[in-house]
Amino acid sequence: MSSYRSDYTWQPHGWEAEAGWRIEDGRFVAIAEATADEHRIGRWVLPGMPNLHSHAFQRAMAGLAERQTHPEDSFWTWRETMYAFAGRIGPDELQAIAAQLYVEMLEAGYTQVCEFHYLHHQPNGRPYADPAAMSLALIEAARETGIGLTLLPTLYQTGGFDGRELSERQRRFGHTTDAYLELLQRLRKLEDATLRVGIALHSLRAVPPDALQAVLNSGLVENAPIHIHIAEQLGEVQDCLALRNARPVEWLLANAAVDARWTLVHATHLTAEEIQGIAASGAVAGLCPTTEANLGDGLFPLAEFLAAEGVLGIGSDSHISVSPVEELRWLEYGQRLKSCHRNIAVSESSSSVGETLWGDALFGGARAAGVAVAAIEAGARADLIVLDDKAPQLAERAATHLLDTFVFSGNRNLVRDVMVAGRWRVRDGRHVDAAGIAARYAAALQRIAV
Ligand code: NGQ
Ligand code: ZN
């Protein structure tokens, strides 16, 4: 049993002064006023942030899709570059890339990651000798770095709303429904305190209605997180309207019992009714502001969604940035640029944008991950981050402006120490195994160099 205290601890309602807590078997067992015999770990302590959307392999192509290939470059031309890159990655490369990514996530203050995993088979489309090889590579990467993982094996069957076959480059993503459920059952057996297995349906483009119903009725999703990419691009909304006579979110709400188990990733293009529908369902809007900006997706209607009391969380998705601070900053900045106003994301309980966004993303992120994390309270997994109170940016900052300063005041990483499940994984800003993992990453990139 270990006992700790800090000067200030972030609780859902705000900062609590002089809190102390005890940790046993990787969980918080008691939270109370601090006493002198507890070990002081810092001035500002926050719950770790869940990252609700990741395609780990894409970390290694960050920066390789920023040259114009066509005057009308778009999400769809980026996707071709991404497919070509994905074709070079096998289990060893995936583990090396994911481990490096998870080190970067932990150093940035993410303590749980939802891996939306669809790179299942060999590049020629045939399963690996062990059909779970790529899933196991991600699980291994999470274990060696210590980050909590919600693995979301992803169902991917068709190349579009018209039900067309997968293209050559997409073949390695595909499963029959039975093979998919088999993979799921096998991975479920590996669940523990830092591994949760949920499900993902890649998108309405990639999962036909009958397969969607078969998975939802399989008995394997009763309490599990369910993630889906939805309404990210206008082209997708138009195709859905043309073939199903409904918009993607409208169709999903009418055809599936969407509730708090669900995370709708991107959900960028929404009508007023769809905004209300998602908010009322309790589903999490999975927002990935830096990737959505990078891919030219459009802007999520944040003010309207918050007014409807919708639940949101953040993800780093393609990993052109790995920083909860930058995701939250751009979530707010997109709205400011569009509305020509300031301080959009506030709530009844706080007029601070930093507090509102950090608090909302903790709550929604934990819901999306399907794990008791992101809160310093008895029963929750003992994940936390300690900020660097010696950093000049935080000099003379009182609690009132602390989270606004953390989110908006610059690019120096203010995360000093990070604990997951009671174990320190980052000390003085560096992951404890950063050097070895970076060397293995560099070697893997050399093997797949273009
Ligand atoms: C993905 N990524 O699955 O990696 C997708 C692109 C698609 C984002 N949507 C591929 N950001 O949606 O078809
Ligand atoms: Zn995605």
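What counts, and where the lines are drawn
Residues numbered from 1 in each chain as written. Chains lettered and ligands numbered in written order. Predicted model: local features only at pLDDT ≥ 70, side-chain atom pairs only at ≥ 80, totals over all residues. Heavy atoms only, no water. Helix = DSSP H or I, 4+ residues; strand = E, 2+ residues; numbered from the N terminus. Contact = heavy atoms within 4.5 Å. Donors = N, O, S within 2.8 Å, 3.2 Å for Na, K, Ca; no water. Buried < 20%, exposed > 50% of the residue type's maximum accessible area, 1.4 Å probe, protein only. Pairing = 2+ DSSP bridges. Expected span 1.5 Å × (residues − 1). Arc of directions from axis to C-beta. Axes fitted to C-alpha atoms, helices over the stretch in contact; angles between N-to-C directions. Left-handed = near helix turned anticlockwise from the far one by under 90°. Parallel < 35°, antiparallel > 145°, perpendicular 65-115°, else oblique. Polar contact = N/O pair within 3.5 Å; in protein donor to acceptor, adjacent residues only side chain to side chain. Near = heavy atom within 4 Å. Areas by Shrake-Rupley, 256 points an atom, 1.4 Å probe, with all protein chains shown as cover. 1 Å grid on protein atoms, 1.4 Å probe; cavity = no way out; pocket = protein on both sides within 12 Å on 5 of 7 lines; lining within 4 Å. Sits in = over half its atoms within 2 Å of the grid points. Nonpolar A, V, L, I, M, F, W, Y, C, P; charged D, E, K, R; others polar.

Peer 1: Quick question: what am I supposed to make of the environment of Leu46 here?
Peer 2: Secondary-structure assignment places Leu46 in strand S4 (residues 39–46). Between the C-alpha atoms of Leu46 and Thr9, which are 37 residues apart in sequence, the distance is 6.0 Å. With residues up to four places along the chain from it excluded, the contact list for Leu46 reads Trp10, Trp15, Trp358, Ile376, Leu384, Ile385, Leu387, Leu403 and Phe406.

Peer 1: Could you clarify how one ought to interpret the coordination of the zinc ion (ligand 2) in this entry?
Peer 2: Angles at a metal have ideal values that depend on geometry: 109.5 degrees with four tetrahedral donors, 90 or 180 degrees with six octahedral donors. The protein atoms that coordinate the zinc ion (ligand 2) are His53 (NE2), His55 (NE2) and His229 (NE2), at distances of 2.0 to 2.1 Å. Between the donor residues of the zinc ion (ligand 2), the gaps in sequence give the motif H-x1-H-x173-H. Like His53, the residue His55 is buried in the burial classification.

Peer 1: Before we go on, may I ask you to explain the sheet that holds strand S16 (residues 423–427) in this structure?
Peer 2: Adjacent strands of a sheet pair through backbone hydrogen bonds, lying either parallel or antiparallel. Taking strand neighbours across the sheet as the criterion, the eight strands line up as S3-S2-S1-S4-S14-S15-S16-S17 in an open arrangement whose pairing is mixed. At either end of the open sheet lies a strand with only one pairing partner, and these are strand S3 (27–33) and strand S17 (430–431). Sheet topology places strand S15 (residues 415–420) next to S16; three bridges connect them, and they run antiparallel. If you follow Val418 over to S16, its bridge partner there is Val426.

Peer 1: Sorry, what's going on with the pairing of strand S14 (residues 384–387) here?
Peer 2: Residues in a regular strand point their side chains to alternate faces of the sheet. Because side chains alternate across S14, one face comprises the buried residues Leu384 and Val386, and the other comprises Ile385 and Leu387, equally buried. Relative to S14, S4 runs antiparallel, the two being bridged by two bridges. Looking at the pairing, Leu46 lines up with Ile385 of S14. In the sheet, S14 pairs with S15 via four bridges, with the strands oriented antiparallel. Residue pairing in the sheet places Leu387 in a bridge with Val415 of S15.

Peer 1: In this structure, what is going on with unusual backbone geometry? I would like to understand it.
Peer 2: For residues besides glycine, phi is generally negative; the peptide bonds are generally trans as well. The phi dihedral of Asp25 is positive, around 50 degrees, even though this residue is not glycine. Residue position: Asp25 is located in the loop between strand S2 (14–24) and S3. Notably, Ala421 is not glycine yet its phi reads approximately 50 degrees, a positive angle. Along the chain, the position of Ala421 falls in the loop between S15 and S16. Overall, the relative accessible area of 22% leaves Ala421 in the partly exposed class.

Peer 1: I keep staring at helix H14 (residues 434–447) and nothing clicks. Help me out?
Peer 2: Residue pairs three or four apart in sequence face the same way in an α-helix, which turns once every 3.6 residues. Taking 1.5 Å per residue as the helical rise, H14 with its 14 residues ought to reach 20 Å, and the 20 Å between its terminal C-alpha atoms agrees with that figure. Buried residues of H14: Ala434, Ile437, Tyr441 and Ala444, and no others. Summarising the axial view, the buried residues of H14 lie within an arc of 95 degrees, below the 170-degree limit, and thus occupy one face. Across from the buried face of H14, at angles greater than 90 degrees, the exposed residues are Ala435, Gln446 and Arg447. The inward-facing, buried residues of H14 abut helix H2 (91–108), helix H3 (133–145) and S17.

Peer 1: What should I look at first to understand the side chain of Arg416 in this one?
Peer 2: Mapping Arg416 onto the fold places it in strand S15. Note on Arg416: relative accessible area 17%, which makes it buried. Not counting residues up to four positions away in its chain, the partners in contact with Arg416 are Ile41, Gly42, Val386, Leu387, Asp388, Asp389, Val426, Arg427, Asp428 and Gly429.

Peer 1: Sorry, what's going on with the packing of H2 against H3 here?
Peer 2: A pair of packed helices is captured by two measures, namely the crossing angle of their axes and the spacing between those axes. Running from N to C, H2 and H3 cross one another at 35 degrees; their axes reach a closest spacing of 8 Å. For the crossing formed where H2 meets H3, the hand is right-handed. Residue-level inspection shows Pro91, Leu94, Gln95, Ala98, Ala99, Tyr102, Val103 and Leu106 of H2 in contact with H3, the latter providing Ala133, Met134, Ala137, Leu138, Glu140, Ala141, Ala142, Glu144 and Thr145.

Peer 1: For this particular structure, what's the right way to read the packing of H2 against H14?
Peer 2: Closest axis-to-axis distance for the H2/H14 pair is 9 Å, and the angle between their directions is 140 degrees. When the axes of H2 and H14 are compared, the pair comes out oblique. The way H2 lies across H14 gives a crossing that is left-handed. Judged by residue contacts, Asp92, Glu93, Gln95, Ala96, Ile97, Ala99, Gln100, Val103 and Glu107 of H2 engage Ala434, Ile437, Ala438, Arg440, Tyr441, Ala444, Leu445 and Arg447 from H14.

Peer 1: I tried to follow the side chain of Thr158 on my own but got confused; where do I start?
Peer 2: Within the secondary structure, Thr158 is located in the loop between strand S7 (148–155) and helix H4 (177–188). We classify Thr158 as buried; its relative accessible area is 10%. At 2.8 Å, the side chain of Thr158 and the backbone oxygen of Arg205 are in polar contact. In contact with Thr158, other than residues within four places in its own chain, are Gly163, Arg164, Leu166, Arg205, Ala206, Val207 and Pro208.

Peer 1: What exactly am I supposed to notice about the site of ligand 1 here?
Peer 2: Around ligand 1, the structure places 14 residues, and the nearest of them are Arg79, Tyr118, His202, Arg205 and Glu232. In the model, a nitrogen atom of ligand 1 is placed 2.6 Å from a nitrogen or oxygen of the Glu232 side chain. Relative to its free-state accessible area of 340 Å², ligand 1 is covered by the protein chains to the extent of 100%. More than half of the atoms belonging to ligand 1 lie within 2 Å of the grid points that define the largest cavity. The dominant element in the shell around ligand 1, judged by the number of residues it contributes, is helix H1 (residues 75–86), at four residues. Counted by class, the shell around ligand 1 contains five nonpolar, five polar and four charged residues.

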